[in-house]
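What the coordinates show
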Amino acid sequence: MPTLTVNGCDLHYLDVGHGPSAVVLLHAFPLHGGMWAHQVAALSKRHRVLVPDYRGLGQSGSPPQATTMAVLAEDVLALLSHLRLERAGVAGLSMGGYLALELWREAPGRVRGLALCDTKAGADSAEGAAGREAFARSTLDHGLAWVADQMTPKLLKPTPDPAVVKVVRSLIGAATPAGVAAAQRGMARRPDSTPDPGHRDRAHPGGGGRGGRPHPSRGGREAGRRHPGRQAGAHPRRRPPALPGEPGAVHRRAGGVLRRAAGLKGGRFPTP
């Protein structure tokens, strides 16, 4: 993987494929860009695909005490500028969705479209933020094996394939305890990204469904109406469609949005 130094941090990223449009894939917590392997294989047949690792997760360098969405957005924007890409479609899963919304907030002109998967637009409650801090402290105390024990059941279906469990634990194991803790603290500080009725010209995709979860009709569609030509999609939470274990499910649910976000007109979403 190539490396770009941003504000003293080595940012590792994957850059594959060729085409008239680019897609940035933003990974979930506490994984790294390798979770997108199936989607990279599919999308790179028609587009250029960029997959960064966040600070302290995967191969990227040491994180600050709190890896906020603003810090990560600065990294992604620096990557786009380094590669001389003016605009790209952006797809984010879970934490990646929080980052995608931050990118849209900070630089909407550089986001060609959004695919928001298994994420939410609202900020954490005080209780939720406290839970993240407790998780961060436990990570520093107990290490990545503890993180894998806690997160793997949440990322996979109730009876996952043992081979998929091994892959997920490996993805988690590539992080650092400091990186996992910093990511939790950064997510706890993220702003509310639900549409603001008083600022219709800057509404953010992803609206609020039950429990603060994205509502595909009120979130992505409303954003699409307010910003013609910018596609947004939101996929409500259920049991998470873990990417290493259910790539076909992700292709079916998010394929159309990813295709439009990347600027691909017509055709079926390619599969590896």
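Residues numbered from 1 in each chain as written. Predicted model: local features only at pLDDT ≥ 70, side-chain atom pairs only at ≥ 80, totals over all residues. Heavy atoms only, no water.

1. Structural notes on the packing of helix α2 (residues 69-82) against helix α3 (residues 95-106)
Test applied: Think of each axis as a best-fit line through the C-alpha atoms, taken over the contacting stretch in the case of a helix, with angles from 0 to 180 degrees between the N-to-C directions. For helices the rule is a DSSP run of H or I covering at least 4 residues; for strands it is a run of E covering at least 2, with both sets numbered from the N terminus onward. Our angle categories are set so that under 35 degrees counts as roughly parallel, over 145 as roughly antiparallel, 65 to 115 as roughly perpendicular, and the remainder as oblique. What makes two residues a contact is simply this: any of their non-hydrogen atoms within 4.5 Å. When residues are sorted by character, Ala, Val, Leu, Ile, Met, Phe, Trp, Tyr, Cys and Pro go into the nonpolar class, Asp, Glu, Lys and Arg into the charged class, and all the rest, Gly among them, into the polar class.
The contact between α2 and α3 brings their axes to 9 Å, and the two run at 70°. Between α2 and α3, the interaxial angle falls into the category roughly perpendicular. On the side of α2, the interface is formed by Met69, Ala70, Leu72, Ala73, Val76 and Leu77, while α3 contributes Met95, Tyr98, Leu99, Glu102, Leu103 and Glu106. Looking at the contact of α2 with α3 residue by residue, the class counts come to 10 nonpolar, no polar and two charged.

2. Remarks on the pairing of strand β5 (residues 88-93)
Condition: Exposure is judged per residue with a 1.4 Å probe applied to protein chains only, and the accessible area is read against the type maximum: over 50% gives exposed, under 20% gives buried, and values in between give partly exposed. Strands are treated as partners if at least two bridges between them are detected by DSSP.
Of all six residues that make up β5, six are buried, and the element is covered over most of its length. Residues Ala88, Val90 and Gly92 of β5 are buried on one face, and the alternating residues Gly89, Ala91 and Leu93, pointing to the opposite face, are buried as well. Of the pairings in the sheet, the one linking strand β3 (residues 22-26) to β5 comprises four bridges and is parallel in character. Across the sheet, Leu26 pairs through a bridge with Gly92, a residue of β5. Pairing geometry for β5 and strand β6 (residues 111-117), over six bridges, is parallel. Pairing of Gly89 across the sheet is with Gly113, part of β6.

3. Points about the side chain of His32
Applicable threshold: Here a polar contact is taken to be a pair of N or O atoms separated by no more than 3.5 Å, where protein atoms must pair a possible hydrogen donor with a possible acceptor and residues adjacent in sequence count only if both atoms sit in side chains.
For His32, the position within the fold is in the loop between β3 and α1 (37-43). Side-chain polar atoms of His32 contact the backbone nitrogen of Gly34, separated by 2.9 Å. The contact partners of His32, leaving out residues within four places of it in the chain, are His27, Asp53, Leu57, Gly58, Leu171 and Ala174.

4. Thoughts on helix α4 (residues 126-142)
Keep this limit in mind: In a helix, the anticipated span is given by 1.5 Å times the number of residues less one. Working definition: the arc comes from the directions between the helix axis and the C-beta atoms, pointing outward to the latter.
Here α4 contains 17 residues, and its C-alpha end-to-end distance of 24 Å stays within 8% of the 24 Å for a straight helix at 1.5 Å per residue. If you check which residues of α4 are buried, you get Arg132, Phe135, Ala136 and Thr139. Buried positions in α4, seen along its axis, are confined to an arc of 100° and lie on one side of it. Seen from the buried face of α4, the exposed residues on the opposite side, beyond 90 degrees, are Ala126, Glu127, Arg137, Asp141 and His142. Buried residues in α4 make contact with α3, α5 (144-155) and α7 (177-188).

5. Topic: the nonpolar core
Note the threshold: Buried residues of nine kinds, namely Ala, Val, Leu, Ile, Met, Phe, Trp, Tyr and Cys, make up a nonpolar core once their side-chain atoms join them within 4.5 Å.
Counting residues in each nonpolar core, the largest one holds 63 residues, and the members touching the most others are Leu25, Leu26, Met95, Leu99 and Leu103. Other than its neighbours up to four places away in sequence, Met95 contacts His27, Ala28, Phe29, Tyr54, Met69, Leu72, Ala183 and Met187.

6. Points about the environment of His12
Tracing the backbone through its elements, the reader meets His12 in strand β2 (residues 9-16). For His12, a relative accessible area of 14% gives the class buried. With 39 residues separating them along the chain, His12 and Val51 place their C-alpha atoms 8.7 Å apart. Apart from the residues lying within four places of it in its own chain, the contact partners of His12 are Met1, Pro2, Thr3, Val51, Pro52, Asp53, Gln59 and Ser60. A distance of 3.2 Å separates a polar side-chain atom of His12 from the backbone oxygen of Gln59.

7. A few points about the side chain of Thr119
By the element assignment, Thr119 lies in the loop between β6 and α4. Owing to a relative accessible area of 1%, Thr119 belongs among the buried residues under this scheme. A distance of 2.9 Å separates a polar atom in the side chain of Thr119 from the backbone oxygen of Ser94.

8. Here we look at helix α6 (residues 162-173)
Spanning 12 residues, α6 covers 16 Å between terminal C-alpha atoms, matching the ideal 16 Å at 1.5 Å per step. Taken residue by residue, α6 has Val164, Val168, Leu171 and Ile172 as its buried positions. What you see down the axis of α6 is that its buried residues fit within an arc of 100°, all on one side. Those residues of α6 that are exposed and aimed more than 90 degrees away from the buried face are Pro162 and Lys166. Where the residues of α6 are buried, they touch α5. Between the side-chain oxygen at the start of α6 and the backbone nitrogen of Ala163 there is a gap of 2.8 Å, and the oxygen is on Asp161.

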